[in-house]
Structures are given as structure tokens and as C-alpha cells.
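Close look at the chain arrangement
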Amino acid sequence: MHTGPRRQAPDRPPAAADHLTPPPPPPPPPAPGAAPGDPGGPVAVARLRQGPGGVVADRGYAIVAGLAALLSVVAVGYLIWKTVEQTTEVWSTFGVWGFITGTEWIPSTAAGDAIFGALPFIYGTLMTSLIALVLAVPTAIGIALATTVFLPRKLRGPVGGFINLLAAVPSVIFGLWGVTVLVPFLRPGLDWLANTLGGFSLFGWQIFVGPVSSGSFLVSGLVLGIMILPIITAITREVLLTVPRDQQEAAYALGATRWEMVKHSMLPWARSGIVGASALGLGRAVGETIAIAMLLGNSPVIFGSLLGPGATMASVIALQTGEASGLQLSALTALAVVLFLIAFAINAIARILVRRGERPGMGGAGGVWSSLALWHRPAMSDDEAPAEPTGAAAPPAPVASTPAPPAAPTPGRREPLPISGPNAVSRKRRVKSGTAEGLIWFSLGVGIIPLVLIMWEMLYKGFPAISGAFFTTLPPLDPNSYGGGISNALVGTLILMAIATIIAAPLGVLTALFISDVAKKTGWQKRLADGIGFFVDVLLGVPSIVVGLIVYLGIVVIQQHFSALAGGIALAIIMFPIVVRSADEMLRLVPVAQKEAASALGAPKWRVTWSVVLPAAGPGIMTGILLGLARASGETAPLLFTSLGNQFFSTSITEPIASIPQLIYQNTIQVQTPASLQLAWGAALVLVAIILILNLVAALLARRTRPLEGR
């Protein structure tokens, strides 16, 4: 009798035994309100019972974060309300429709009342933005295609990053370059255009009729197009990188040339993203102030010659607010409200379109902030492109009854190539593809040339002004005198940056902590966090000139004097949404498992945040702060009627203070002599160096967050 253990029959396949094994029970459904990557939801991070001290500390942390978020929103909301309140007089005088459709802007008349109509400025804003968009969008698409498909792989990232350097150049330097270099260079061509096409009329609109003025719609639109080129290029490039590699290979397998693959596989896939990127560029263009004020002039016209002067909403606010009062100030404020609404609408549409252009499964917050973050982020190489999505459209993996074969090793990323050979493609198709590729290379050259010219001009004309005394002496009182320095402007810029950082950095980080860490995922706290997040997104799209006007009406007018503190607050409002969104993104990347582990050890919530969350997200948060500071340090428009400027050395935050952007603006527009321009170019070189250093440090810190992003 056999008493040993029963043995399995040798002819029974192992798969059959596995088939008979009951399948494991399905995982429990996620708890309501569970965050992605947190299968247990809020319940899973439940902490051990705490003592009274821990409970009080947690509540104190929640109260501090909540109060900081509410304080930020209420303070900015109060300033906006004061701005809207200022417009009451103009609405009551002209009516909303009468003001918007009014065609005359006459602040003072010999007899009668002043007349204010916004239509010429709305026309000027839209016309310059349209010209910029027409020039920038095809160029940006060409550059994006060159840096994703046509350039050698090793050159794509560096060339894309070089194009992104244009975003680090402040607008006042674009204006300086346009006034002193571009306008004289283009003058013969514009004269020829006026002489050749001056008689051309489109439904009575003489588009190119002379005389040619120093400030014109055409030159302003050209410079504006260069300024918005980096943002459209960066977002278009990111969208193109999301095109599935299999889709490109399929086009090549059907015999397509490289251009035909781009035309039929990549551009249709990325269409909505490209349109969204163009809308974001348009949102940037309509709010641009200083460069347009320097290049377009201050002549409100409708359907005037593109070779003549004009005015935009932002430029007239910058040029007239400092001396305005009464009904004129109310009208300028109403212009700011109209400008804000237009920019908000454009950014909202862009947000929707860019979201549609994002790949499913890319993760992260899309929309305005995501797009702006991409704009500031170094160009992503093909190797860093996200993997092909396996979202809802992908079929579910079948439940195999037999053991799955071992996974094949993932092959290295290879470059899909077209079928080549003399007889592979007809001559007609080769000509079409060659022409299209030629236009793409031409776009790449058009995008690189302005940056090279601006950098060369800045180095060529700025270096002669640089010396030891340049950093330690005041600007000369005589504008025709060479020598002197920017000591007051340099120290003033650093003070303004310090004030903005002291205000925006802690409030921004605490607001982000409230949105992502403190507020519960359900109930009124979620709604409050969503409302604060929406308010932050709205602030991201507010033009800088509107921020300056808000601070002017809410602080300067009430205090009845300009001050460095007011200028620092204006820059802090510009920095604040950037800090919030960058910190929010980084806080969400911290793995839930790390927080659960700390909570399981009995650590209270504030301790988890202090010891686990903030150290992990710290480099990314610092990157956002530096990027926001770099953006604010190059702003000129909000300082024109907040810190005002100072000819002398001042470190008091309650007095007007000088800054480098203001010094460049004054030496280019108000005083334009060879000596003042040399000083302006030297100051521009110092300002760009400061911004590039901030961006470089931010990029180095961003590398430390890569492991966090990869989790």
C-alpha cells in the first residue's frame, strides 16, 4: 500500500494546473476622493492617534496655510476691486458700449469736455498682435519641426534651448534693439514699400501709404512676433513630441517622404495643440507694453497705414497714466479692464485647446500653467519624450490561461527613416518635399538670426560701457556725457527683487501647500482650494501693465507717493502665481508612500510636510521661485508708476527708487543721445546677465527634481 504523498501525473501540463487555480480576488475599488497613485485615498494616510500637542500643531499648520492663501487672494482681490471701482466715472459718462466703440481720445479740448473712446487702442492692440501672429506661427512651426524631426538628434535639444533664450530677453531690450537697430535697418525697405504699393487700396484702406514713420504697425508687429516666437515654438515642439512613433513609422512604411510623414502623421495629430500655442502667444502679444510703446508711438488711429504710427491699450496706459487724473485716469483704468478681459478670454481658449492637444496619460496639470511651464523649461529631447499612451483607447490586456511568455527586451529608441533610393519617390514628390524642407530650414534661420543679432548688438555696444566705475557710480546728469554708471539702478533692482521675493515666495508656497496638502479632497475645503487655484490661473494671464495700474490705484494713490515698496508689491503679484503653480506641481509629485510611511510612524501632518514633503519638493519649489524672480526682474511697465525711478542713490523702501529696466527705458525714449544709448546698452547687458544667471541656477535645480518626476 502506497502511503507517501501523492504525486502529480507526469503527463499533466503545468498550464492546466494553473488554469484550475482560482484567480485572485480583484483589488478593492478606490475610496471616494482617492488621489491618483493613492489607492487607499485619504483613509490610507490615516495617522496614529496623536497627543494634544500634535493635534494643536496640525491645526496651527492648517490655519497658517489657509490664512496665507486667503490673505493673498483677498489682498489681490481688494486691489482689483479698487481698480474696477475707478472705472465708474467713465462708464457713467460714456456708457460701456459708447466707451468701447468710441473712436476719439481727446484728454483736453479747447472748448468742451474731454472725449474718450477705446476703439483705436483695441484696433491697435489687435492689429499688432495679428501681424505678430502671422509672422510668428509659421516660423515657430518650422522651428519646432526642425528641432523634432529634421535636425540631427544631438543638435535638437541645444538648438531648441537656444531659441528659448529669446524668452529670457526683457521686452525693454527688444524695444531698445528695435529703435536703435531694426528701424534704421528696415527704413530703406519700408520706403520702397511705400513708393511701390502706396497706391494699393483694400476696400478703401490704403495699407502701405506713406510717409514712413519711425514707429509703425509693421515694425511693431515684427518685433512682437520675435518676442512671442519662443513660447509658440516651445509648446508646439512639446506637442509634436507626443505624436506616437508607430504612427510615424507607419507613414514611412507606406513610402512617405519625411515631409509627407510630417504633413499626414504629425501635423493633424498636433493641430489643436498648435492652435492653443498660437492663442497663448496671442495672449502674450496683446499685453505687451514697453516694446510697443517704444516702437509704435502714441497716435490713436483706425485703419491707418501699416507704415504709420498707432497706439495699443497697453502702450497708452504706460505713456499717460503717470500724468492722468479724474476722467482721464478713469478712462485709462477702463482700458486696463478691457485689456484684462481680452487677455483672460484668449488665455482661457488657449487653455482648452492646449489641453485637447495633450496626450492622454501625460499627467500633470495641463492648461495655462502647464504651457507656461513648458515655455520656461529647457527643450526636451526625443529621448525624454513620454511613452506612447495606453489610456482608455488602448484595448485591455487579455486574461491569459497560460503563462505569459517572458517579455522581450525593450529595444533602443530608434529613429524612423523614410525609404530612400533614386526610384523610391517620384520627382514631383521629391520637389514638393524638398521645397517644404527648405522652408523649414529657412524658418530655423529666421528664428536664430534675431537672437544672434540682439546678443551681438548687446555685447558690441554694451561692453565699452562696462568698467569698475560702471557699477559704483551714478548715471551722469548730462545726457551727452560719457562715463557714469548704474549703481543706483543696480542696487534698486536688487532691492525690488528682494521685496518681491520676501512677499511672493512664502505666500506662494503656503498657498500651494493649502491647495495640495492641507485642504481636504472633498467638501467645502476642496471647493475653496479649487477657487484659489482658479484665481491663481487668472493672475497668470494678467498683463504686467495692468498689475502696475492695480498697485498704482490701490497703494500709490492712497499713500500719495511712489515708493520701492509699491514697485516690489507689483513684482510680487507677477511672481506669486508662478511660485504657486510651480510649488503645487512639485508637491503633487511627492510619492504618497513616503507620506504614508511617515504618518505610520506617528508623525503629525505638519511634521510629515516639514520633514518629508518639503525636502523632496524643495529643489523644484526653488526652481519656480527663481523663474518667477527672473520674469519679474525684467519687467518695466509695472515700475513706471509704482517705484517711478530715482536719479540719485536710494535704499529706502518708502521712497522712489531706480531700477535697470527703467534706466534703459528713460535713456532710450526720454533721452536719446549716443552717450545715453551706450549707457542703456551696458545696463541691458547687466540685466540680461542677471536673468540668465537666475535661469541657469533654476535649470540646475530642476535637474534635481528629475528623479521625483520619474516616479
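Scoring rules and cut-offs
Residues numbered from 1 in each chain as written. Predicted model: local features only at pLDDT ≥ 70, side-chain atom pairs only at ≥ 80, totals over all residues. Heavy atoms only, no water. Helix = DSSP H or I, 4+ residues; strand = E, 2+ residues; numbered from the N terminus. Contact = heavy atoms within 4.5 Å. Areas by Shrake-Rupley, 256 points an atom, 1.4 Å probe, with all protein chains shown as cover. Salt bridge = Lys/Arg side-chain N within 4 Å of Asp/Glu carboxyl O. Phe/Tyr/Trp six-rings, centres within 6.5 Å; stacked < 30°, edge-to-face > 60°. Buried < 20%, exposed > 50% of the residue type's maximum accessible area, 1.4 Å probe, protein only. Patch = residues over 30% accessible without salt bridge, like charges linked within 9 Å, V, L, I, M, F, W, Y side chains within 5 Å. Core = buried A, V, L, I, M, F, W, Y, C linked by side-chain atoms within 4.5 Å. Axes fitted to C-alpha atoms, helices over the stretch in contact; angles between N-to-C directions. Parallel < 35°, antiparallel > 145°, perpendicular 65-115°, else oblique. Left-handed = near helix turned anticlockwise from the far one by under 90°. Nonpolar A, V, L, I, M, F, W, Y, C, P; charged D, E, K, R; others polar. Arc of directions from axis to C-beta. Polar contact = N/O pair within 3.5 Å; in protein donor to acceptor, adjacent residues only side chain to side chain. pLDDT = per-residue confidence, 0-100.

Secondary structure assignment for the protein yields 25 helices and four strands. Taking as baseline every contact in the protein between residues at least 6 positions apart, the subset at least 24 positions apart corresponds to 79%. Carbon and sulfur atoms form 67% of the exposed surface of the protein, whose accessible area is close to 33,200 Å².

Let us now look at the pattern of salt bridges. Going through the model one piece at a time under the given rule, you end up with 11 salt bridges. For the salt bridge of Arg 581 with Asp 584, the shortest nitrogen-to-oxygen distance reads 2.9 Å. With Arg 581 and Asp 584 both in helix 20 (residues 564–589) and three residues apart, the pair spans about one turn of that helix. Via salt bridges that share partners, Asp 537, Arg 581, Asp 584 and Arg 588 belong to a single interconnected network.

Per the counting criterion, the structure on display carries 15 aromatic pairs. A ring pair is formed by Phe 344 and Phe 534, whose centres lie 6.4 Å apart and whose planes are at 85 degrees; its orientation type is edge-to-face. Placement of the pair is Phe 344 in helix 14 (residues 326–357) and Phe 534 in helix 18 (residues 523–540), with a sequence separation of 190 residues. Looking at Phe 534, the relative accessible area reads 49%, which means it is partly exposed.

A word on a nonpolar patch on the surface. A cluster of nonpolar side chains, Leu 197, Phe 200, Leu 202 and Phe 203, forms an exposed patch at the surface whose accessible area comes to about 450 Å². By secondary structure assignment, the location of Leu 197 is in helix 7 (residues 171–197).

Attention now moves to the environment of Ala 519. Relative to the assigned elements, Ala 519 resides in the loop between helix 17 (487–518) and helix 18. For Ala 519 and Gly 66, which are 453 residues apart along the polypeptide, the C-alpha to C-alpha distance reads 8.3 Å. Not counting residues up to four positions away in its chain, the partners in contact with Ala 519 are Phe 514, Gln 525 and Ala 529.

What follows covers the nonpolar core. Among the nonpolar cores identified, the biggest contains 198 residues, and Leu 335 and Ile 660 are the most heavily contacted of them. For this core, the element with the highest residue contribution is helix 5 (residues 119–150), accounting for 17 residues. If we ignore the near neighbours within four places in the chain, the residues touching Ile 660 are Ile 486, Ala 489, Leu 490, Thr 493, Ala 683, Val 686, Leu 687 and Ile 690.

Helix 11 (residues 271–286) packs onto helix 5 with a crossing angle of 140 degrees between their chain directions and a minimal axis gap of 9 Å. Compared by their axis directions, helix 5 and helix 11 come out oblique. For the crossing formed where helix 5 meets helix 11, the hand is right-handed. For the pair helix 5 and helix 11, contact is made by Thr 125, Ser 129, Leu 133, Val 137 and Ile 141 and by Ile 274, Ser 278, Leu 282, Ala 285 and Val 286, respectively. Considering only residue class, the contact of helix 5 with helix 11 consists of seven nonpolar, three polar and no charged.

Attention now moves to unusual backbone geometry. Phi is mostly negative for residues that are not glycine, and the peptide bonds are mostly trans. Not every positive phi belongs to a glycine, and Phe 203 is a case in point at roughly 55 degrees. With respect to the helices, strands and loops of the structure, Phe 203 is situated in the loop between strand 3 (201–202) and strand 4 (205–206). Taking relative accessible area as the criterion, Phe 203 reaches 86% and is therefore assigned exposed. Of note in this structure, Gln 560 is not a glycine but carries a positive phi near 65 degrees.

What follows covers helix 21 (residues 592–600). Among all positions of helix 21, only Val 592, Lys 595, Ala 598 and Ser 599 are buried. Considered in projection along helix 21, the buried side chains sweep an arc of 130 degrees and stay on one side of the axis. Against helix 17 and helix 22 (605–633) lie the buried residues of helix 21. Of the residues trailing helix 21, Gly 602 is marked for its positive phi of about 95 degrees.

Our next topic: the side chain of Thr 642. Relative to the helices and strands, Thr 642 is located in the loop between helix 22 and helix 23 (660–670). For Thr 642, a relative accessible area of 0% gives the class buried. If sequence neighbours within four positions are ignored, Thr 642 has contacts with Gly 548, Val 551, Tyr 552, Val 556, Phe 562, Ser 563, Ala 566, Gly 567 and Ala 570.

Turning our attention to the environment of Gly 438. Along the chain, Gly 438 turns up in helix 16 (residues 427–462). A relative accessible area of 34% means that Gly 438 is categorised as partly exposed. Considered as a pair, Gly 438 and Gly 142 are 296 residues apart in the sequence and their alpha carbons are 9.9 Å apart.

This next bit is on the side chain of Asn 488. Mapping Asn 488 onto the fold places it in helix 17. Residue Asn 488 is classed as buried on the basis of its relative accessible area, which comes to 2%. A polar side-chain atom of Asn 488 sits 3.3 Å from the main-chain carbonyl oxygen of Gln 647. Excluding its chain neighbours within four sequence positions, the residues that come into contact with Asn 488 are Leu 474, Pro 475, Asn 646, Gln 647, Phe 648, Phe 649 and Ala 658.

Of the residues in the protein, 82% reach a pLDDT of 70 or more, and the chain-wide mean stands at 80. Here residues 1–21 is a poorly scored stretch, pLDDT under 50, and it has eight contacts once near neighbours within four places are set aside; other chains count. Low pLDDT, under 50, characterises residues 31–47; the predicted model gives this stretch 21 contacts beyond four residues in sequence or across chains.

This part takes up the packing of helix 5 against helix 10 (residues 258–266). The interhelical angle for the contact between helix 5 and helix 10, taken along N-to-C directions, is 110 degrees, at an axis separation of 12 Å. By the criterion of interaxial angle, the relationship of helix 5 to helix 10 is roughly perpendicular. Like other packed secondary-structure pairs, helix 5 and helix 10 cross with a definite hand, here right-handed. Between helix 5 and helix 10, the contacting residues are Leu 145, Val 149 and Phe 150 on the first element and Arg 258, Trp 259, Met 261, Val 262 and Met 266 on the second. Here the residues of the contact of helix 5 with helix 10 are counted per class, giving seven nonpolar, no polar and one charged.

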